[in-house]
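Here is how the chains run, residue by residue.
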Amino acid sequence: FYNPVSTLSLCLFVQKYELSYALLLRLARLEVVAELGDQLEQLVDLLEWPIFARMRLHLLSPRQYPYLTKCVLGVAMLLPQGPALTRM
């Protein structure tokens with residue numbers, strides 16, 4: 001991957017939740033270094049922006065969007081302990 005977190009955010013934005021979950025599974029196999037942790041924290045901040053409101057509304061329907069739920073929980077599992085984890 002060149003920038004997997006950017007790819008993940010793009011997949012979430014265009015509502016390709018199954019693809020985003022598949023990317024997250026591949027991302028989980030990588031070693032989580034400081035740069036990746038920082039990028040994941042930035043992703044969490046980005047998901048709070050109004051442009052992702054539709055995605056957050058989809059989280060209210062986990063049966064209809066199971067891969068979105070899995071992806072968000074996976075991001076929380078990869079996050080280093082810190083302020084971004086408490087915002088999830």
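Reading guide: rules and limits
Residues numbered from 1 in each chain as written. Predicted model: local features only at pLDDT ≥ 70, side-chain atom pairs only at ≥ 80, totals over all residues. Heavy atoms only, no water. Patch = residues over 30% accessible without salt bridge, like charges linked within 9 Å, V, L, I, M, F, W, Y side chains within 5 Å. Areas by Shrake-Rupley, 256 points an atom, 1.4 Å probe, with all protein chains shown as cover. Salt bridge = Lys/Arg side-chain N within 4 Å of Asp/Glu carboxyl O. Helix = DSSP H or I, 4+ residues; strand = E, 2+ residues; numbered from the N terminus. Axes fitted to C-alpha atoms, helices over the stretch in contact; angles between N-to-C directions. Parallel < 35°, antiparallel > 145°, perpendicular 65-115°, else oblique. Left-handed = near helix turned anticlockwise from the far one by under 90°. Contact = heavy atoms within 4.5 Å. Nonpolar A, V, L, I, M, F, W, Y, C, P; charged D, E, K, R; others polar. Core = buried A, V, L, I, M, F, W, Y, C linked by side-chain atoms within 4.5 Å. Buried < 20%, exposed > 50% of the residue type's maximum accessible area, 1.4 Å probe, protein only.

Re a nonpolar patch on the surface
Then step 1. A cluster of nonpolar side chains, contributed by Leu10, Phe13, Val14, Trp49 and Ile51, occupies part of the molecular surface with about 510 Å² of accessible area.
Then step 2. Relative to the assigned elements, Trp49 resides in the loop between helix 3 (34-47) and helix 4 (53-58).

Concerning the packing of helix 2 (residues 17-29) against helix 5 (residues 66-78)
Packed helices, taken two at a time, are described by the angle their axes make and the gap between the axes.
Then step 1. Put simply, helix 2 and helix 5 touch, their axes get as near as 8 Å, and they point 25° apart. What the angle tells us is that helix 2 and helix 5 run roughly parallel. Like other packed secondary-structure pairs, helix 2 and helix 5 cross with a definite hand, here left-handed. Taken together, the residues of helix 5 that come into contact with helix 2 (itself represented by Tyr17, Glu18, Ser20, Tyr21, Leu24, Leu27 and Ala28) are Tyr67, Leu68, Lys70, Cys71, Gly74, Val75 and Leu78.
Then step 2. In terms of residue class, the contact of helix 2 with helix 5 is made up of 10 nonpolar, 2 polar and 2 charged.

Structural notes on the nonpolar core
Then step 1. Of all hydrophobic cores here, the largest spans 20 residues; its most connected members are Leu8, Leu12, Leu24, Leu40, Met55, Leu68 and Val75.
Then step 2. Elements with a contribution of two residues or more to this core: helix 1 (4-13), helix 2, helix 3 and helix 5.
Then step 3. In this structure, Leu8 is in contact with Ser20, Leu23, Leu24, Leu43, Cys71 and Val75, ignoring residues within four places of it in sequence.

A look at the packing of helix 1 against helix 2
Then step 1. Their axes nearest at 8 Å, the elements helix 1 and helix 2 cross at an angle of 160°. As far as their axial angle goes, helix 2 and helix 1 are roughly antiparallel. Handedness of the helix 1/helix 2 crossing: left-handed. Contacts from Pro4, Thr7, Leu8, Cys11 and Leu12 of helix 1 reach helix 2 at Tyr17, Leu19, Ser20, Leu23, Leu24 and Leu27.
Then step 2. Residues belonging to the contact of helix 1 with helix 2 are distributed by class as follows: 9 nonpolar, 2 polar and no charged.

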